[in-house]
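Below, each chain spelled out in residue letters.
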Amino acid sequence: MRDDVLKYKSFLTSVVSVTALQHQVKLANPEDCRKVAIQACRSDDFSLLKVMSGSLPLFFMYRCLFEVLSLVLPLIAFQCALLEHLNMAPSQLHPNSWAMVRAFEILCPFFNIWPTVPIFLFFFYMKLTDKIGWVSLNSMSKNLFELDSNAFFRFKDRFFKVLATDIVADGFSLMFNRDGEPYFPFYWQSDPAKFKSFDKDLFTLIMRVDKAILE
């Protein structure tokens, strides 16, 4: 584990900070407010640590993802599938990489393309490091997106909790599938998936067409 990861605790620990977050964090469906809650962190919370057993299921998110990138909750299917494939928690993926994810989501509908993990990971590869830290994705093509590296200058101590207050509603959950399995890891993983890029030989015909359009 990188030393700098362990030193950051959230400064979003007050009632005032939660009130501000509730205006910034948008829900895809307003009725979901009964199923998911935004909560400030405790002074001893780290974004990578698990919570005590018996607690409500939760994961951590960075405030900048909602301020700058306009993410909504719950995470959409593509985002969940990507985190599951990469085997990492939302807070383990660097905000710069979240920006690439959002840009890809916005770009695809313009070409009538459904955003999928294989197509995304054909254009982006994981930057591997020896120690566990924030995971970055690099673009295989400089022509696809141009990212402002200073857009998320301060984010590491500005995270909050997202809790499932109603684990199962009508046999379905915002954080779990019908088998009761989480859609993605809630907490930092010591073994995120290691790969360079998605093998295009595994693409279906539709994926090959979509890839060609984006290229």
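Undergrad: How should I be thinking about the overall build of the protein in this particular structure?
TA: Of the regular secondary structure elements, the protein holds seven helices and seven strands. Overall, the protein shows an N-to-C arrangement of helices and strands of α-α-β-β-β-α-β-α-α-α-β-β-β-α. Here the protein holds 215 residues, and the buried ones make up 46% of them. Across the protein, every contact between residues at least 6 apart in sequence was considered, and the portion connecting residues at least 24 apart equals 77%. Element-wise, carbon and sulfur atoms account for 55% of the exposed surface of the protein, whose accessible area totals about 11,900 Å².

Undergrad: What should I look at first to understand the sheet that holds strand 2 (residues 36–39) in this one?
TA: Within a beta sheet, neighbouring strands are joined by backbone hydrogen bonds and run either parallel or antiparallel to one another. Taken together, the three strands give an open sheet; going across it, the order is 2-7-3, and neighbouring strands pair in antiparallel fashion. Here the strands that pair on one side only, and so sit at the sheet edges, are strand 2 and strand 3 (58–62). Adjacent strand axes in the sheet meet at a mean angle of 30° when their direction is disregarded. Relative to strand 7 (residues 159–164), strand 2 is paired through four bridges, and the arrangement is antiparallel.

Undergrad: Looking at this structure, how should I read the pattern of salt bridges?
TA: Close approach of charged atoms allows side chains with opposite charge to pair. According to the stated counting rule, one finds four salt bridges in the structure shown. Salt-bridge contacts for arginine 63 lead to glutamate 67; the nearest nitrogen and oxygen are separated by 3.3 Å. Classification of glutamate 67 as partly exposed rests on a relative accessible area of 42%. The salt bridge partner of aspartate 157 is arginine 154, with a shortest N-O separation of 3.9 Å. Classification of arginine 154 by relative accessible area gives exposed; the value is 54%. One salt-bridge network, in which partners are shared between bridges, spans Arg154, Asp157 and Arg158.

Parameters and conventions
Residues numbered from 1 in each chain as written. Predicted model: local features only at pLDDT ≥ 70, side-chain atom pairs only at ≥ 80, totals over all residues. Heavy atoms only, no water. Helix = DSSP H or I, 4+ residues; strand = E, 2+ residues; numbered from the N terminus. Buried < 20%, exposed > 50% of the residue type's maximum accessible area, 1.4 Å probe, protein only. Contact = heavy atoms within 4.5 Å. Areas by Shrake-Rupley, 256 points an atom, 1.4 Å probe, with all protein chains shown as cover. Pairing = 2+ DSSP bridges. Axes fitted to C-alpha atoms, helices over the stretch in contact; angles between N-to-C directions. Salt bridge = Lys/Arg side-chain N within 4 Å of Asp/Glu carboxyl O.

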